[in-house]
Amino acid sequence: MTNAMKISKRNKLVDGLWGYAFISPWLIGLFLLTLIPMGQSLYFSLTNYHLLESPQFSGLGNYKEIFMNDQTFTQALKVTFLYVFVSVPLKLAFALGVAMLLYKSIKGMSIFRAVYYLPSLIGGSVAIAAIWRNLFGYDGLVNKLLGTFGIPATDFINMPSTSLSTLIVLSVWQFGSSMVIFLAGLKQIPKDLYEAAAVDGASKTRIFFKMTLPMLTPIILFNTVMQTINSFQMFTQAFVITKGGPIDSTLVYALYLYQKAFVFFDMGYASALAWILLVIIGISTVIIFGTSKKWVHYEN
């Protein structure tokens, strides 16, 4: 091997080492904060592990208990799926509607876009959840507004028939991130198409359903996947506003997992619940992508 080849090989090695050095913070975070904790969680899910005791291997005992004897698990699944199936379509529909309104080129429109995006920045905070609890309480602002129309007050938070609805409304209110993505997608649609459709005499409704909506389907797919994943993991709102009540009507899956882990200190059982949730989210994502072949349209 010539000296030139040795120097070239050494330079490539040095460049590679520098590359790994630059991405080392990400690699350290990946292993220490993601892969290693996931491996530990998978091991704990196969053990009887209470926080103050040593884990004892039990195989699939936790999973058998969850699927065969845990009625609360079944209730948490029902509540979570209902929350996802209702909140995600409503949020996306509302986000798309607002994006269509904010798409117009009007002076000062950037200020309106920032204002409409604000709920997504603060909506997941504990403070907003506490404010929401007060708004929909028996003596809250919502009941006072309804009272001006002669509608009797309703305890939205503490009634099983309405408690989950308050969480869904809060989720829909946090439409900002999806709205921004829809807005970016609308800007990518060539204006020439709209002008040609207008010349042909197409109505605005027909243009929306036959042109705008099909060309936004890749964006709709992305937003659907992201919002579905986020909705399955919803925790803060249920924990602060309703704490899973009344009578488990808002006991979402993540809240039940939290109770098992940090109220009853049953870490093995909670780890099994976490892995089941991961599988549920994975299957849901695969189903969405599988069905997308029939309704998502690309340029090619």
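Here, every reference points to the structure presented above.
My aim in this report is to walk through the structure given alongside it, one point at a time. (Residues numbered from 1 in each chain as written. Predicted model: local features only at pLDDT ≥ 70, side-chain atom pairs only at ≥ 80, totals over all residues. Heavy atoms only, no water.)

**Things to note about the overall build of the protein chain**
The helix and strand tally for the protein chain stands at 15 helices and two strands. In summary, the protein chain has a C-alpha radius of gyration of 25 Å against a globular reference of 19 Å for 300 residues, an excess of more than 25%. Along the first, second and third principal axes, the C-alpha set of the protein chain runs to 70 × 65 × 35 Å. By residue count, 36% of the 300 residues in the protein chain fall in the buried class. (Helix = DSSP H or I, 4+ residues; strand = E, 2+ residues; numbered from the N terminus. Rg over C-alpha atoms; globule rule 2.2 N^0.38 Å. Buried < 20%, exposed > 50% of the residue type's maximum accessible area, 1.4 Å probe, protein only.)

**As for the packing of aromatic side chains**
All chains considered together, the criterion is met by 16 aromatic pairs. Their ring planes at 40° and their centres at 5.5 Å tell us that Tyr258 and Phe262 sit as a pair that is tilted. On the criterion of helical spacing, the pair formed by Tyr258 and Phe262 is a turn pair, its members being four residues apart in helix H14 (residues 253-262). The lysine or arginine in question, Lys260, covers the ring of Phe264, its NZ or CZ lying 5.5 Å from the ring centre. For the cation-ring pair, Lys260 lies above Tyr269, with the distance from its terminal atom to the ring centre recorded as 4.7 Å. (Phe/Tyr/Trp six-rings, centres within 6.5 Å; stacked < 30°, edge-to-face > 60°. Lys NZ or Arg CZ within 6 Å of the ring centre and 35° of its normal.)

**What to know about unusual backbone geometry**
Excluding glycine, most residues fall at negative phi; most peptide bonds, likewise, are trans. The amide bond that connects Gly245 to the next residue, Pro246, takes the cis arrangement and shows omega of -10°. Residue position: Pro246 is located in the loop between helix H13 (236-242) and H14. A positive phi angle, near 40°, is found at Ile247, a position not held by glycine. Residue placement: Ile247 occurs in the loop between H13 and H14. According to the relative accessible area criterion, Ile247 is exposed, its value standing at 71%. Positioned with a positive phi, Phe265 is a non-glycine residue whose angle comes to about 60°. As for its placement among the helices and strands, Phe265 is situated in the loop between H14 and helix H15 (267-295). Accessibility expressed as a relative area gives 38% for Phe265, which makes it partly exposed.

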